[in-house]
2 protein chains.
Amino acid sequence: MSEITNIALDAMGGDYAPVEMVKGAVDAIQKESAMKVFLVGQEDKINEELEKYQYNKEQIEVVPASEVIETAEPPVSAIRKKKDSSIVVGMKMVKEGKADAFVSAGSSGAILVGGQVIVGRIKGVDRAPLAPLVPTEKGVSLLIDCGANVDARPAHLVQFAKIGSIYMEHVMGVKNPKVGIVNIGAEEEKGNALVKETFPLLKEEKSINFTGSVEAREIPHGQVDVVVCEAFAGNIILKLYEGVGAVLIKKVKEGMMTSLRSKIGALLIKPALKATLKSFDASEYGGAPLLGLNGLVVKTHGSSKAKEVSNTLAQCVTFKKQKINEKIKASIQKEETN
Amino acid sequence: MSEITNIALDAMGGDYAPVEMVKGAVDAIQKESAMKVFLVGQEDKINEELEKYQYNKEQIEVVPASEVIETAEPPVSAIRKKKDSSIVVGMKMVKEGKADAFVSAGSSGAILVGGQVIVGRIKGVDRAPLAPLVPTEKGVSLLIDCGANVDARPAHLVQFAKIGSIYMEHVMGVKNPKVGIVNIGAEEEKGNALVKETFPLLKEEKSINFTGSVEAREIPHGQVDVVVCEAFAGNIILKLYEGVGAVLIKKVKEGMMTSLRSKIGALLIKPALKATLKSFDASEYGGAPLLGLNGLVVKTHGSSKAKEVSNTLAQCVTFKKQKINEKIKASIQKEETN
């Protein structure tokens, strides 16, 4: 039997907690026997949901945490004050080695702060990047960093490139992933000060498959597998993806409703269109890992339902099986001894 | 009779030059009698196109320029060496007051460099921002700056906000336009160093209607009319808009072709969908002005056809009629005497 992956799941975080969190956990363990999920949060609420299902009791355990960190709370003080919140309790389990991973659909800010403060970074990792997968024409690309640590330095971006490559290769199964740095032109001499300084460092880095600059226009076409950028730019890319997608789909739907003819057409294409648009929906691809920590922390979308939760829990198993953190450590330490 | 707006049009720039440039010029003068277009470029080629049309000869004049700057040429040396190129000759006409505006679908780099070097900035304007209009759910917003001047300072962004407000109010007719600064969260304390420094300056600026931060997700929803950002971020936004739009529309089309049922549906919705998607196509809104110069320089999309050229020429007339540069001067000088 393979080694068990222990995952602490924030049962209280997200728009559909605890209902969809509990459902996602039950779905996940039914697909994967080498997984144990610790549902962290208010016991009575979690048990009320659990009673709806039949499942292997050895694979799910409730861990009490009485407090909930709300999305609007200032993250630093929330982490400091709410010691008995699901986020703090769950992250401590990772810190103490009781869990390999912590998954939450709750406050992004609290997850980012808690990851750094409670779980802590791998020795040698200067910043822990948040790295969501974004849909492309060809599949998905990893956008690294989209976190809270803006104004990164060139050495940070080089670490992001290495960490991102390891993730794409060993979790997502992309052989020799192509790495690009977000830039305003394809030429090496283009860019802001940060990109100009980082470009030659990435070029020298033998452990990655650096292919040069990637213009924002090319990201959705899937030009590279690992999209390296500073968090401010990464946040813009991630959120604009969402915004343009939402408005365009709304426009397409409005367009279909403008005449009787188009309304009939809309009924006919609806099922096919739904399936296609789903392939371009970020929520289908599980959560965004916060990488480079002593353990794994994954932030899933606030509107996550059982399917995304279940996909994310499965990712955690792959993460452990593939020994991603050991690979990150080796890659970063190699750099330090050089 | 109202005052004539004299416009130098680069007849050689863009994918469809000179055919669509000449057609656009003829279209534009037929709609606007107070406009004269100087077609700058290779005389024989331009005259060959002009012969296809009947038009008022007083409104179009050919200005010879033997050289053409290619898109791939390094802009600084191209501007310096190709003295008889359509871009250099056209910009010199603006510099010398022979034309009020210069319009080109040619090399973005050469237009940005030429604007600064040949036409020159208005006294007090530190940087000339490139400000395209991007489509939104509600209409259009001005994205300022998307130019080549990355790593802007806070004072530059404040000027962009003022210049952008003047443009949206007096050229696009938006009363008291809402101004937002691109940020990674809605709260004032969020952001990178540049945004944190700029935010209070924008808040103090009484001449604009500053509404705070705008997250990238909200730009396509039209949350603000003037989207202020540093050029690196602006370039990402502009190009990602294009990339996500292109891939999503491709996906929609593929989705429609997956079954017989959906193919029939596609035929029925095609005309309605085409009209709607057009409303979300940046090329419908004319060119991107390079603002803050001693005259107007407008960059139109490389794939511009007659319609975009004609729309852009009409914008130049509004720009002159509304005395935009006088308004920019007054706004910047007021700042300097404060």
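The name an unreviewed UniProt entry assigns to chain A is Phosphate acyltransferase, from the organism Dorea phocaeensis. Its UniProt record, at the heading Subunit (unreviewed entry), says of chain A: "Homodimer. Probably interacts with PlsY." In its Pathway (unreviewed entry) section, the UniProt entry covering chain A states "Lipid metabolism; phospholipid metabolism."

Undergrad: I'd like a description of helix H4 (residues 86–95) of chain B, backed by residues and values.
TA: Residue and element names in this part refer to chain B. The buried fraction of H4 amounts to eight of the 10 residues, a majority that puts the element mostly inside the structure. Of the positions making up H4, those classed as buried are Ser86, Ile87, Val88, Val89, Gly90, Met91, Met93 and Val94. Phi turns positive one or two residues past the end of H4, at glycine 97, with a value near 80 degrees.

Undergrad: Give a detailed account of the domain arrangement of chain A, specifying residues and quantitative values.
TA: Residues and elements named next belong to chain A. Structurally, chain A comprises domain 1 (1–125 + 292–324) and domain 2 (131–283). The distance between the C-alpha centroids of domain 1 and domain 2 comes to 26 Å. Here domain 1 packs against domain 2, burying approximately 970 Å² in sum over the two surfaces, 59% of which is carbon and sulfur. Looking only at domain 1, the three residues that lose the most surface to domain 2 are Leu112, Gln315 and Ile324, adding up to 37% of its buried area. Taken together, the links from domain 1 to domain 2 amount to zero salt bridges. Here domain 1 and domain 2 share two residue pairs in polar contact (both at pLDDT 80 or more) between them. Sorting the residues of the side of domain 1 that touches domain 2 by element identifies helix H5 (108–119) and helix H10 (306–321) as the ones contributing at least two each. The element contributing the most residues to the side of domain 1 that touches domain 2 is H10, with five residues. Tallied by class, residues from the side of domain 1 that touches domain 2 come to four nonpolar, six polar and two charged.

Undergrad: Before we move on, could you go through the packing of helix H8 (residues 231–256) of chain A against helix H9 (residues 260–278) of chain B and cite the residues and values that matter?
TA: Between H8(A) and H9(B), the least distance of the axes is 8 Å, while the angle of their chain directions is 140 degrees. In terms of orientation, H8(A) lies oblique with respect to H9(B). The handedness of the crossing between H8(A) and H9(B) comes out as right-handed. Between H8(A) and H9(B), the contacting residues are Leu248(A), Lys251(A), Val252(A), Gly255(A) and Met256(A) on the first element and Ile269(B), Ala272(B), Leu273(B), Thr276(B) and Leu277(B) on the second. Along the lines of polarity and charge, the residues of the contact of H8(A) with H9(B) split into seven nonpolar, two polar and one charged.

Undergrad: Give a description of the interface of chain B and chain A that names residues and reports values.
TA: Listed as interface residues are 54 residues of chain B and, on the opposing side, 54 residues of chain A. Around 5000 Å² of area is buried between chain B and chain A when both sides are counted, 74% of it from carbon and sulfur atoms. When residues of chain B are sorted by the area they lose upon contact with chain A, Ile184(B), Phe232(B) and Leu240(B) head the list and together hold 13% of the total. Where chain B packs against chain A, one counts six salt bridges. Between Glu215(B) and Lys239(A) there is a salt bridge, and its shortest N-O distance comes to 2.3 Å. Among the secondary structure elements, those contributing two or more residues to the side of chain B that touches chain A are strand E7 (178–183), helix H7 (193–204), helix H8 (231–256) and H9 of chain B. For the side of chain B that touches chain A, the leading source of residues is H8(B), giving 21 residues.

Undergrad: Please provide a residue-by-residue account of the sheet that holds strand E5 (residues 133–135) of chain A, values included.
TA: All names here are of chain A. Strand order in the open sheet made by the five strands is E5-E6-E9-E7-E8, with mixed pairing throughout. Edge positions in the sheet fall to E5 and strand E8 (209–215), since each has one partner strand and no second. Going across the sheet, the axis of each strand differs from the next one's by a mean of 35 degrees, ignoring polarity. In this sheet, E8 lies alongside strand E7 (residues 178–183) in parallel orientation, the contact comprising six bridges. Looking at the pairing, valine 182 lines up with valine 214 of E8. Together, E7 and E8 form the strand contacts of helix H7 (residues 193–204), whose direction differs from that of E7 by roughly 170 degrees.

Undergrad: Tell me about a negative patch on the surface, residues and numbers included.
TA: Residue and element names in this part refer to chain A. On the surface, Glu43, Asp44, Glu48 and Glu51 cluster together to form a negatively charged patch. With respect to the helices and strands, the residue glutamate 48 is situated in helix H2 (residues 43–50). For glutamate 48, a relative accessible area of 54% translates into the label exposed.

Undergrad: Hey, could you go over the environment of Arg121(A) for me, with residue numbers and the actual values?
TA: Residues and elements named next belong to chain A. Along the chain, the position of arginine 121 falls in the loop between H5 and E5. When its relative accessible area of 36% is taken as the criterion, arginine 121 is described as partly exposed. For the pair arginine 121 and glycine 292, spaced 171 residues apart in the sequence, the C-alpha separation amounts to 5.8 Å. Not counting the four nearest positions on each side in its chain, arginine 121 is found in contact with Gln116, Asp126, Arg127, Ala128, Gly292, Leu293 and Asn294. A distance of 3.0 Å separates a polar atom in the side chain of arginine 121 from the backbone oxygen of valine 125.

Undergrad: Outline the environment of Leu273(A), listing residues and values.
TA: Residue and element names in this part refer to chain A. Within the secondary structure, leucine 273 sits in helix H9 (residues 260–278). Accessibility expressed as a relative area gives 9% for leucine 273, which makes it buried. In sequence terms leucine 273 and alanine 233 are 40 residues apart; their C-alpha atoms lie 31 Å from each other.

Undergrad: Give a detailed account of unusual backbone geometry, specifying residues and quantitative values.
TA: A cis amide bond links Ala17(A) to the next residue, Pro18(A), at an omega of -5 degrees. Tracing the chain through its elements places Pro18(A) in the loop between strand E1 (5–10) and helix H1 (19–31). With an omega of 25 degrees, the peptide bond running from Ile144(A) to Asp145(A) counts as cis. Mapping Asp145(A) onto the fold places it in the loop between strand E6 (140–144) and helix H6 (154–170). With a phi close to 45 degrees, Asn176(B) is a non-glycine residue in the positive phi region. Take Asn176(B): it is sitting in the loop between helix H6 (154–170) and E7. Within the chain, Lys323(B) stands out as a residue other than glycine whose phi angle is a positive 50 degrees. Along the chain, the position of Lys323(B) falls in the loop between helix H10 (306–321) and helix H11 (324–337).

Scoring rules and cut-offs
Each chain has its residues counted from 1, running along the sequence as written. Chain A is the first chain written and ligand 1 is the first ligand written, with later ones labelled in order. In keeping with the model being predicted, local features are shown solely for residues with a pLDDT of at least 70 and side-chain atom pairs are shown and tallied solely at 80 or more, while totals for entire chains, interfaces and linings include all residues. Each side-chain value is worked out from all heavy atoms of the structure, with water and hydrogens disregarded. UniProt positions are given in the numbering used here, feature names are shortened, and annotations may be inferred rather than shown by experiment. Accessible area is worked out with a 1.4 Å probe on protein chains only. A residue is then buried under 20% of its type maximum, exposed over 50%, and partly exposed in between. Here a strand is any run of E in DSSP of at least two residues, a helix any run of H or I of at least four, and the numbering for each starts at the N terminus. Domain delimitation follows an automatic or database domain assignment. In short, buried area is how much 1.4 Å probe accessible area vanishes from two parts on joining, totalled over both. Between Lys or Arg on one side and Asp or Glu on the other, a salt bridge is scored when a side-chain nitrogen of the former is within 4 Å of a carboxyl oxygen of the latter. What qualifies as a polar contact is a pair of N or O atoms within 3.5 Å, subject to a donor-acceptor requirement within protein and to the restriction that residues adjacent in sequence count only when both atoms come from side chains. Three classes are used: nonpolar for Ala, Val, Leu, Ile, Met, Phe, Trp, Tyr, Cys and Pro, charged for Asp, Glu, Lys and Arg, and polar for all others, with Gly counted as polar. Here an axis means a line fitted to C-alpha atoms, over the contact stretch when the element is a helix, while the angle between two N-to-C directions is reported on a 0 to 180 degree scale. Working definition: roughly parallel below 35 degrees, roughly antiparallel above 145 degrees, roughly perpendicular at 65 to 115 degrees, and oblique for all remaining angles. Each crossing is labelled by how the near helix is turned from the far one, with a counterclockwise turn of less than a right angle marking it left-handed and a clockwise turn marking it right-handed. Note on contacts: a residue pair is in contact if any heavy atoms of the two residues lie within 4.5 Å. A pair of strands is labelled paired if DSSP reports no fewer than 2 bridges between them. Exposure above 30% relative accessible area and the lack of any salt bridge qualify a residue for a patch; like charges then connect within 9 Å, and the nonpolar side chains Val, Leu, Ile, Met, Phe, Trp and Tyr within 5 Å. Method for areas: the Shrake-Rupley scheme with a 1.4 Å probe, in which residue coverage is limited to the protein chains shown. Charged residues are defined here as Lys and Arg on the positive side and Asp and Glu on the negative side; His and the ends of the chain fall outside this count. The atoms used to mark charge sites are NZ of Lys, CZ of Arg, CG of Asp and CD of Glu.

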